[in-house]
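Commentary on secondary and tertiary structure
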Amino acid sequence: MTELGHELFLLMVTLSQLRDSERTLALFVDAVDAWSPDVDVSLAGADQPEEPEPELLPVASARQRFAELRLRFRNPPQPGIVELLRNAAQMLALVLDKQARDAEAERRQAALEE
């Protein structure tokens, strides 16, 4: 496993312990963005100017689309880096999906207790 692969694995383990999906998403973006000076990682959104052909990675599970990550490379990416980040985005979607299901279960439980 590459150093970045190992770091991503540890990050995903840590993020899986959180309960707040917004915080989870923000921490993921900040951590991945900090790892390499050759790539900027941000959430794709309307407040960002369009760049020619950015690499966009969906953060989506079978149940829900949570976000889209925008990758901007300053230099050509190292072999395998886009695939590694794509896999990390898919793992992030699973973490966010579990957080959403847990939050829904808590809301239902609270409604039953009322």
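The structure under discussion appears in the preceding block.
Residues numbered from 1 in each chain as written. Predicted model: local features only at pLDDT ≥ 70, side-chain atom pairs only at ≥ 80, totals over all residues. Heavy atoms only, no water.

1. A short note on helix 2 (residues 21-35)
For helix 2, built from 15 residues, the straight-helix expectation of 21 Å at 1.5 Å per residue is met to within 8% by its first-to-last C-alpha distance of 21 Å. The complete set of buried residues in helix 2 reads Thr24, Leu25, Phe28, Val29, Ala31 and Val32. Next to the buried residues of helix 2 lie helix 1 (3-15), strand 1 (39-43), strand 3 (65-73) and helix 3 (81-113). (Helix = DSSP H or I, 4+ residues; strand = E, 2+ residues; numbered from the N terminus. Expected span 1.5 Å × (residues − 1). Buried < 20%, exposed > 50% of the residue type's maximum accessible area, 1.4 Å probe, protein only. Contact = heavy atoms within 4.5 Å.)

2. Side note on the pairing of strand 2 (residues 55-60)
Where strand 2 meets strand 3, 6 bridges bridge the pair, whose relative direction is antiparallel. Note on strand 3: the bridge partner recorded for alanine 60 is arginine 65. The antiparallel hairpin formed by strand 2 and strand 3 contains 4 residues in its connecting segment. (Pairing = 2+ DSSP bridges.)

3. Some points on the side chain of aspartate 40
Structurally, the position occupied by aspartate 40 is in strand 1. Within the structure, aspartate 40 has its side chain in polar contact with the side chain of arginine 74 (distance 2.8 Å). When near neighbours in sequence (up to four residues on either side) are disregarded, aspartate 40 contacts Asp33, Arg70, Leu71, Arg72 and Arg74. (Polar contact = N/O pair within 3.5 Å; in protein donor to acceptor, adjacent residues only side chain to side chain.)

4. So, the sheet that holds strand 1
Strand order in the open sheet formed by 3 strands is 1-3-2, with antiparallel pairing between adjacent strands. Across the chains shown, the open sheet's two edge strands, defined by having one partner strand only, are strand 1 and strand 2. The mean angle between the axes of side-by-side strands here comes to 25°, regardless of whether they run parallel or antiparallel. Packed on one face of the sheet, helix 2 meets strand 1 and strand 3 and runs near 170° to strand 1. The sheet strands contacting helix 3 are strand 2 and strand 3, and the helix crosses strand 2 at an angle near 25°. (Axes fitted to C-alpha atoms, helices over the stretch in contact; angles between N-to-C directions.)

5. Some words on the side chain of aspartate 97
Positionally, aspartate 97 belongs in helix 3. Using a relative accessible area of 7% as the deciding quantity, one classes aspartate 97 as buried. At 2.9 Å, the side chain of aspartate 97 forms a polar contact with the side chain of arginine 63.

6. Notes on the pattern of salt bridges
Inspection of every chain in the model, using the stated rule, returns 10 salt bridges. The closest approach of N and O atoms between arginine 74 and aspartate 40, which form a salt bridge, is 2.8 Å. In this pair, arginine 74 sits in the loop between strand 3 and helix 3 while aspartate 40 sits in strand 1, placing the two residues 34 residues apart along the sequence. On the basis of relative accessible area, arginine 74 is assigned to the partly exposed category, the value being 48%. The closest approach of N and O atoms between arginine 65 and glutamate 68, which form a salt bridge, is 2.9 Å. For arginine 65, a relative accessible area of 52% translates into the label exposed. Here glutamate 68 falls in the partly exposed class, since its relative accessible area comes to 25%. One connected set of salt bridges, linked through shared partners, spans Asp40, Arg72 and Arg74. (Salt bridge = Lys/Arg side-chain N within 4 Å of Asp/Glu carboxyl O.)

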